[in-house]
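Remarks on the overall topology
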Amino acid sequence: MSTTQFRGIVPAMITPLDEHEEIDEQGLRDLAETLINKGVHGLFALGTNGEFFSLTDDEKVRVASIVKDQAAGRVPVFAGTGGYTTRGVIELNRRMEDVGIDGLSIITPYFNGATQAELITHYERIAEATDLPILLYTIPAKAGVTLTVPSVAKLSEIPNIRAIKDSGGDFDRLVQLIRLRRDDFAVFTGTDSMILWTLMAGGDGAVAATTNAVPDVVMTIWNAWQAGDFETAREAQEKLRPLRSAFALGTMPSVLKTAAALLGMPAGPARSPVQALEPDALDKLKQAIKVYDRVER
């Protein structure tokens, strides 16, 4: 069984693209390097904010390979491999094993509204087909379906299903999930406005997209909490609010990518059909992020 640790702040990385909407390898390497230097505990490529839904499997393997190579063993690298079909996920997982990825994040099948029994079977078959540790990923607002707490409890008994990232934004549900956590099953929030509250409730950390733009702020939440400095942690958590609130200004991940670029991080455009922010939205975003110091590269 893998010794990969599931704990701390793991950025849900954006995928930097160039002006032709192709993968920007140097930008991706620079982003990974900056995040590692900021003290993150792992890197998660190909999540929702990483635009997994707009990338081919070959592109996904390339992104994972670049991030894994840049990390050079300093932090674990997780890759999002979720898709609608069980067989498609299993095949992509095999390719990620060849890359040397440390763990897999697998979103619930989306669009077609699978039942809980179907979801459980989906994950069971995927887990049987790989030795890599798996992080369950639920984001009901995007996927249209979620794993119930009893379903998560059942899946958590599978040895290589090691964690869940819950991006539903429901704190009561998150607390119920935290009751399931064990030394071999971790619970992360995927809602950045709940990082501190997750830690206070006994959770293991966050898979946090805002880390792409304001890594110092996000890492301060973790570091201050670990040091017992609740006030500093709370101030940092509140400091995330303007960026999180600004996400409504455009189609995901256009706001996050634009904010990251404005704050000195590699980003580039989102892949079409997502477009650049309208001028009014851009002005509002610029106002919102004035509270942040520019990122030291």
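Residues numbered from 1 in each chain as written. Predicted model: local features only at pLDDT ≥ 70, side-chain atom pairs only at ≥ 80, totals over all residues. Heavy atoms only, no water.

An unreviewed UniProt entry annotates the protein chain as 4-hydroxy-tetrahydrodipicolinate synthase of Salinicola acroporae. Recorded in UniProt for the protein chain, the comment headed Sequence similarities (unreviewed entry) runs: "Belongs to the DapA family." For the record of the protein chain, the UniProt heading Catalytic activity (unreviewed entry) holds the text "L-aspartate 4-semialdehyde + pyruvate = (2S,4S)-4-hydroxy-2,3,4,5-tetrahydrodipicolinate + H2O + H(+)". (UniProt positions renumbered as here; feature names shortened; annotations may be inferred.)

Before going further, it helps to examine the UniProt feature "site: Part of a proton relay during catalysis" (unreviewed entry) in the protein chain. Under the UniProt annotation, "site: Part of a proton relay during catalysis" (unreviewed entry) lies at Thr48. Position of Thr48 among the secondary structure elements: in the loop between strand E2 (43-45) and helix H2 (57-71). Contacts of Thr48, omitting those with residues within four sequence positions, involve Phe53, Ile107, Tyr137, Ile139 and Met252. (Helix = DSSP H or I, 4+ residues; strand = E, 2+ residues; numbered from the N terminus. Contact = heavy atoms within 4.5 Å.)

Attention shifts here to the pairing of strand E3 (residues 77-80). In E3, alternate side chains face the same way, and those of Val77 and Ala79 on one face and Phe78 and Gly80 on the other are all buried. Where E2 lies against E3, 3 bridges are found, and the strand directions are parallel. Across the sheet, Phe44 pairs through a bridge with Phe78, a residue of E3. Where the polypeptide runs from E2 across H2 and back to E3, its parallel neighbour, the crossover connection is right-handed. As defined by bridge partners, E3 adjoins strand E4 (residues 103-107) across 3 bridges and the pair is classed as parallel. From the neighbouring strand, Phe78 faces E4, where its bridge partner is Gly103. Tracing the backbone out of E3, into helix H3 (residues 86-99) and back to the parallel element E4 gives a crossover that is right-handed. (Buried < 20%, exposed > 50% of the residue type's maximum accessible area, 1.4 Å probe, protein only. Pairing = 2+ DSSP bridges. Right-handed = clockwise from strand over helix to strand, strands pointing away.)

Following the criterion strictly, the structure yields 2 cavities of 30 Å³ or more and no others. Here the largest cavity is characterised by a volume of approximately 90 Å³. Taken together, Gln5, Phe6, Arg7, Val10, Phe44, Phe78, Leu104, Ser105, Leu135, Phe188 and Val207 make up the lining of the largest cavity. Looking at side-chain class alone, the lining of the largest cavity contains 8 nonpolar, 2 polar and 1 charged residues. Of the volumes computed, that of the second largest cavity is approximately 40 Å³. Contributing to the lining of the second largest cavity are Phe44, Leu46, Gly47, Phe52, Gly80, Thr81, Gly82, Ser105, Ile107 and Tyr137. Grouping the amino acids of the lining of the second largest cavity by side-chain chemistry returns 5 nonpolar, 5 polar and no charged. (1 Å grid on protein atoms, 1.4 Å probe; cavity = no way out; pocket = protein on both sides within 12 Å on 5 of 7 lines; lining within 4 Å. Points joined across faces, edges and corners; volume = space filled by probe spheres on them. Nonpolar A, V, L, I, M, F, W, Y, C, P; charged D, E, K, R; others polar.)

Let us look at the pattern of salt bridges. A side chain with one charge may pair with a side chain of the opposite charge, provided their charged atoms come close. In the structure shown here, the tally under the stated rule is 18 salt bridges. Taking the shortest distance from any N to any O, the salt bridge between Asp58 and Arg95 comes out at 2.8 Å. On the criterion of sequence distance, the pair formed by Asp58 in helix H2 and Arg95 in helix H3 is long-range, its members being 37 residues apart. Residue Asp58 is classed as exposed on the basis of its relative accessible area, which comes to 53%. According to the relative accessible area criterion, Arg95 is partly exposed, its value standing at 27%. (Salt bridge = Lys/Arg side-chain N within 4 Å of Asp/Glu carboxyl O.)

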